[in-house]
Amino acid sequence: MSAVPTVHTSALLARHGAVAAHGLDRGVAAHYGDPVHEQRALARGRAVVDASQRGVVTVTGPDRLSWLTTLSSQVLTGLEPGRGTETLFLSVQGRIEFAPHVLDDGTTTWLVTEADEAPGLADWLTSMRFALRVEVQDVSPQWAVLGATRDLGGRMAELLSAGPATEVSPHDAAGEPSVTSAHVLVWRDPWPDVAEGGHGYTTTPEHPGRSRAWFEHLVPLGALPEVVAGLEREGIGLAGSWAAEALRIEAWRPRWGAETDEKTIPHELDWMRTAVHLSKGCYKGQETVARVHNLGHPPRRLTFLDLDGSQHTLPEAGATVEAGGRVVGRVTAAQLHHEAGPIALAVLKRSVDPEAVLTVRDTPGAAPDAESEPVTEQWAASQTVVVPPDAGSVVGRAQGLMRGPRGTAR
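Residues numbered from 1 in each chain as written. Predicted model: local features only at pLDDT ≥ 70, side-chain atom pairs only at ≥ 80, totals over all residues. Heavy atoms only, no water.

Q: Summarise unusual backbone geometry; cite the residues concerned and give the values.
A: Keep in mind that most residues, glycine aside, have a negative phi and that most peptide bonds are trans. In this model, W191 is joined to P192 through a cis peptide bond whose omega is 5°. With a phi close to 60°, D270 is a non-glycine residue in the positive phi region. Mapping D270 onto the fold places it in the loop between helix 6 (241–250) and helix 7 (272–275). Not every positive phi belongs to a glycine, and H312 is a case in point at roughly 60°. For H312, the position within the fold is in the loop between strand 15 (300–307) and strand 16 (320–323). (Helix = DSSP H or I, 4+ residues; strand = E, 2+ residues; numbered from the N terminus.)

Take a look at the structure:
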């Protein structure tokens, strides 16, 4: 059985106006009193997001990248230091078990995960080492993640260098930030570009994710308040997790634990574009990945929802999506976007008509008393298709329909 994640409470939650987040972002602030203003600042590159609840797993040793390649859906052998990518670790049935962000610095491979992923991923990787020259550690208690829409790694490194005896390096044997070079590791989100060996199912001419750059910076957990204070002195403020979620939803960006459940396969979320290499060697779950992509269709599909804004409320994750009075899916995430209004991502049955007007229905909280009926809210929702119903079955299709990296044909 995997270890239970330690509940993290960020030092930044003590800030005036901070309101604690829940779910995947528990332990950090949902916002600091003005979520719409924070979101605008984040979108303009004038704010950072405390994501110190995230998990961090390191893999060291000369065999690390080739070993991770054999276990995962992505080719990591030869990954250049500093270049961000992502990979999936799948079950035998091709279902997503872990979805880490991957960065290598030439000595250590860093796997940035959701908090609930890290213990299980570290345990599983440790069990798969056999005689290979690799070491796995869950270093989540030593490191914090700061998200932003631009690369602030250089400025953070300068702040750490100037700070009181705070030095940054990933290379301590215990994962501690204790070596004498001031360097901040920065993971750049590859979404929505189609990586080498990947395949994008979205048919929209201009993917909305192209307007969202995203960077995750690794800094020592103990230096988090110091780094944030230094950025604030330069006009870069704090934004809560709600702001990051709104930008993620608008970009159709899947997230482990939000869009995924115990049955999710990568095709359903358009995750084939950044996290799966279709021509790599054998790995657990490859048969399902290849069969669905070449001959079948994913049973469910990700969709983007524009919600009726007259309710002045938002559905919670898990709210049902209905068409013609029957449940056809569930909302995975919803937020108020500073320009687009209330928006959501949802996973629907593949058979749902892409032109159908949908209804989102939610029963938030418990009934006021045992005698009362639960209070139900509903929202009209128009859908924008992310993964089309005919995704997959590429064998026999015209060559030009197999989309590779932007500007090329595969």
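Read on, since the account is not over.
Q: So what's going on with the nonpolar core? Which residues, and what values?
A: Counting 24 residues, the largest nonpolar core has L88, I96, W271, L302 and F304 as its most contacted members. When residues of this core are traced back to their parent elements, those giving at least two are helix 7, strand 15 and strand 18 (341–349). If you count residues domain by domain, this core takes at least three from each of domain 1 (11–162 + 181–251) and domain 2 (299–393). Beyond its immediate sequence surroundings of up to four residues, L302 is in contact with W252, E259, E268, L269, L345, A346, V347, V386 and V387. (Core = buried A, V, L, I, M, F, W, Y, C linked by side-chain atoms within 4.5 Å. Buried < 20%, exposed > 50% of the residue type's maximum accessible area, 1.4 Å probe, protein only. Domains from an automatic or database assignment. Contact = heavy atoms within 4.5 Å.)

Q: Explain the packing of helix 4 (residues 153–162) against helix 5 (residues 224–233) residue by residue, including any values.
A: To characterise two packed helices, one gives the angle between the axes of the helices and the distance between these axes. At their nearest, the axes of helix 4 and helix 5 sit 9 Å apart, and the two run at 115° to each other. Overall, the two elements helix 4 and helix 5 adopt an arrangement that is roughly perpendicular. As for the relative orientation of helix 4 and helix 5, their crossing is right-handed in sense. Here R155, M156, L159 and L160 of helix 4 lie close against helix 5, whose contacting residues are E226, V227, G230, L231 and R233. Here the residues of the contact of helix 4 with helix 5 sort into five nonpolar, one polar and three charged. (Axes fitted to C-alpha atoms, helices over the stretch in contact; angles between N-to-C directions. Parallel < 35°, antiparallel > 145°, perpendicular 65-115°, else oblique. Left-handed = near helix turned anticlockwise from the far one by under 90°. Nonpolar A, V, L, I, M, F, W, Y, C, P; charged D, E, K, R; others polar.)

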